[in-house]
Amino acid sequence: MVFMGTRGQLTNMIELGVSVVLGIMYIFGVAFITFGNGSGVGIGNIYFSTWAGFVVSLMLASASFKEFTANKAATQEAQANAAPAPTKADIEGGGEDSEKSEKPEAPTEGVEAKE
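Residues numbered from 1 in each chain as written. Predicted model: local features only at pLDDT ≥ 70, side-chain atom pairs only at ≥ 80, totals over all residues. Heavy atoms only, no water.

**Observations concerning the confidence of the model for the protein chain**
To keep things clear, this is the line we draw: The score called pLDDT rates the predictor's confidence residue by residue, from a low of 0 to a high of 100. Helical segments are the DSSP runs of H or I of at least four residues, strand segments are the runs of E of at least two, and each set is numbered from the N terminus. We call two residues in contact when some of their heavy atoms are within 4.5 Å.
Summarising the model, the protein chain shows a mean pLDDT of 77, and 73% of its residues fall at 70 or more. No element of the protein chain has a lower mean pLDDT than helix H4 (residues 96-102), which averages 51, and none a higher one than helix H1 (residues 9-34), which averages 89. A low-confidence stretch, residues 1-5 (pLDDT under 50), is modelled with one contact involving residues beyond four sequence positions or located in other chains.

What follows is the structure in structure tokens.
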């Protein structure tokens, strides 16, 4: 899949989902590898790399969440500031303003119309 320089809402959502799944997998990994009778119980490369991967995955999830919420807020603000979509009457040349200008107003009661 090619992303052309701009990151859309869907891309941010996918990144957030993948980073959360990765974080959950690291929680189980840390629990099984570094506690109890796991292979990384002794202080060594497996122990430190497991914990480092867990911390990095949490940082990735945090950054993805911040980017997702910022993009969502910017999208909502842009939609709120956008001009309303034209109605069918506006497109056809009609509309409330044009109807009022074409029809003369009827005289009110008690006032005689001048010819």
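**Focus on the packing of aromatic side chains**
Keep this limit in mind: Aromatic rings from Phe, Tyr and Trp, taking only the six-membered ring of Trp, are treated as a pair when their centres fall within 6.5 Å; an angle between ring planes under 30 degrees marks them as stacked, one over 60 as edge-to-face, and anything in between as tilted.
Taken as a whole and assessed by the stated rule, the structure comprises three aromatic pairs. Seen from their ring centres, Phe-35 and Trp-51 are 6.3 Å apart, and the 85 degrees between their planes marks the pair as edge-to-face. On the criterion of sequence distance, the pair formed by Phe-35 in the loop between H1 and helix H2 (45-81) and Trp-51 in helix H2 is long-range, its members being 16 residues apart. Measuring from centroid to centroid gives 5.9 Å for Trp-51 and Phe-54, while their planes differ by 85 degrees, and the two rings are edge-to-face.

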